[in-house]
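Observations on the model geometry
Each chain, written out:
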Amino acid sequence: MRTFHATNPATGAPLPDAWPVATDADVDRACAAAARAFAPYAASDGATRSAFLHRIADALEADREAIVSVAGAESGLPEGRLTGELGRTTGQLRMFAELVADDDWRDVRVEVADPDRAPAPKPEVRSMKRALGPVVVFGASNFPLAFSTAGGDTASALAAGCPVIVKAHPGHPGTADRVARAVQAAARDTGLPDGVFTVLFDDGHEVGTALVRDPRVRAVGFTGSRAGGDALVRIAAERPVPIPVYAEMGSINPVFVLPGAAAARTEAIAEGLHGSFTLGVGQFCTNPGVAFVPSGAVGDAVRTALAARTAATPAGTMLNARVCEAYGQGVDALRAAGGREIASGAAADDAATPGVAHAFEVELDAIREAPALLHEVFGPTTLLVRYDDAAELAPFAASIEGQLTATVHGEADELGGHDALFSALADRVGRVIVNQWPTGVEVGPAMVHGGPYPATSDGRSTSVGTHAIDRFTRLVAYQNVPQELLPAPLRDA
């Protein structure tokens, strides 16, 4: 049996526990168990699945101290951040538990038959959302809890009635194991069939590839790089029966600072931008990687204030060596494409995975000539783009790649003059923000955490909020089906 070790990102030293790389037989057993569990689990009532999700949340909270300790050692993330992330994880589980407690989420529709309708009789038709089948969820490197083993993809798939197989992220296998134990205990306590939830480990790509190719798997949830998401989409599309891959793949989350806001709130804009692009050592998918700021003295003041804050930023520990190396390559590429560095934070030569903050600047015309300036740099770096006329922003916004978020900072008397900008952004992003910052994704029914490609592989979906359950369902209509053969939610009261 081949094993691997996670690494402490702060020291670069391997952690003591060895984790088994799943074999082909392990993958087959997990998929077979999930396939067997699908029919009874999908047929379970809302009260049962709601109780299951609540039990998972309770079990995670009961093991909070141990989970946070293991996650901290594997990810380098501070205790406060991980404690908050665990709260977000349990909050998501409870949100879906409340959603599925009754059948309103299924969008039940009943059309009564009319045999006397002319020129043709009208049949009785009833429809609802039905669970899709076994789902594979890939753990995310930057969120070992909220977007991993029992995170949003798992919570929404389980809520829909889909068994879940998690491919644990190799950066935090101990965290995945600890969380998986809580989920599996909750399944047993709720009396659910074996195979409703499984976790598999791998330090490469073979296990994930095998899972996506398995014909018993019906959908995939992924949070990670564009290269990784695109690869999974290709594998899923090449199957004899293609399946959907819901991949969140990155974003530069542009910020548009209008002239009035830059003049009236210079320090606040600089402070907010700095706090947002350096939050979590820049390792959130919603960190703003580019900010459009006016040319001239007003924009210069924002640049000066941002540079001062960036220069005073201490280096942080990045998630792992691979992320740190990719970050360094991204910063180098930004320089090579023409970005002028206006400030860099303190170095950390003694750290194994240092994340040093950087701020760069270019003119808007340079972006047109070097589109590589708008490539995502996953880490604490942002690029100021200086524009001469705010009227340039709308056509430029219409030309950018799909994004998770876009933010506009403007004074009340100037926002109304930029309806073209807002219209363009609504076509290119999943969440439009005004006078706030993109980092921090509220978990609630109205939230959309998605966006047109390449922010996600399917811009019609969200991975946060109650709409996320729709990814793991499909609509089924029943025409002239006797009451006793209908699913319970479609039967007459």
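Structure: see above.
Below, the structure is looked at part by part. (Residues numbered from 1 in each chain as written. Predicted model: local features only at pLDDT ≥ 70, side-chain atom pairs only at ≥ 80, totals over all residues. Heavy atoms only, no water.)

Tallying each qualifying case throughout the model produces 8 aromatic pairs. One aromatic cluster is present, formed by Phe143, Phe147 and Phe284 through successive ring pairs. A cation over a ring is seen here: Arg81 above Phe143, with NZ or CZ 4.7 Å from the ring centre. Over the aromatic face of Tyr246 sits the side chain of Arg471, whose NZ or CZ is 5.9 Å from the ring centroid. (Phe/Tyr/Trp six-rings, centres within 6.5 Å; stacked < 30°, edge-to-face > 60°. Lys NZ or Arg CZ within 6 Å of the ring centre and 35° of its normal.)

A few words on the environment of Ala397. In this structure, Ala397 sits in helix H14 (residues 393-399). Taking the C-alpha atoms as reference points, Ala397 and Ala32, separated by 365 residues in sequence, lie 47 Å from one another. Residues contacting Ala397, with those up to four places away along its chain left out, are Phe256, Leu421, Ala424, Leu425 and Arg428. (Helix = DSSP H or I, 4+ residues; strand = E, 2+ residues; numbered from the N terminus. Contact = heavy atoms within 4.5 Å.)

Attention now moves to the pairing of strand E4 (residues 125-131). For E4, a buried count of 6 out of 7 residues is recorded, marking the element as mostly surrounded by other parts of the structure. Bridge count between E4 and strand E19 (residues 473-479): 7 bridges; the pairing is antiparallel. Looking at the pairing, Val125 lines up with Gln479 of E19. (Buried < 20%, exposed > 50% of the residue type's maximum accessible area, 1.4 Å probe, protein only. Pairing = 2+ DSSP bridges.)

Attention now moves to the sheet that holds strand E15 (residues 358-363). Strand pairing in a sheet takes place through backbone hydrogen bonds and is either antiparallel or parallel in direction. Strand order in this open sheet of 7 strands is E13-E15-E16-E11-E10-E17-E18, and the pairing throughout is mixed. The sheet is open, and its two borders are formed by strand E13 (340-344) and strand E18 (429-434), each paired with just one other strand. Taken over all neighbouring pairs, the strand axes of this sheet differ in orientation by 20° on average, direction set aside. Here strand E10 (residues 255-257) pairs with strand E17 (residues 403-409) via 3 bridges, running parallel. If you follow Val255 over to E17, its bridge partner there is Thr407. Of the strands in this sheet, E10, strand E11 (290-294), E15, strand E16 (381-387) and E17 touch helix H10 (residues 266-278), which is tilted by about 140° from E16. (Axes fitted to C-alpha atoms, helices over the stretch in contact; angles between N-to-C directions.)

By themselves, these figures tell us nothing about what the structure is for.
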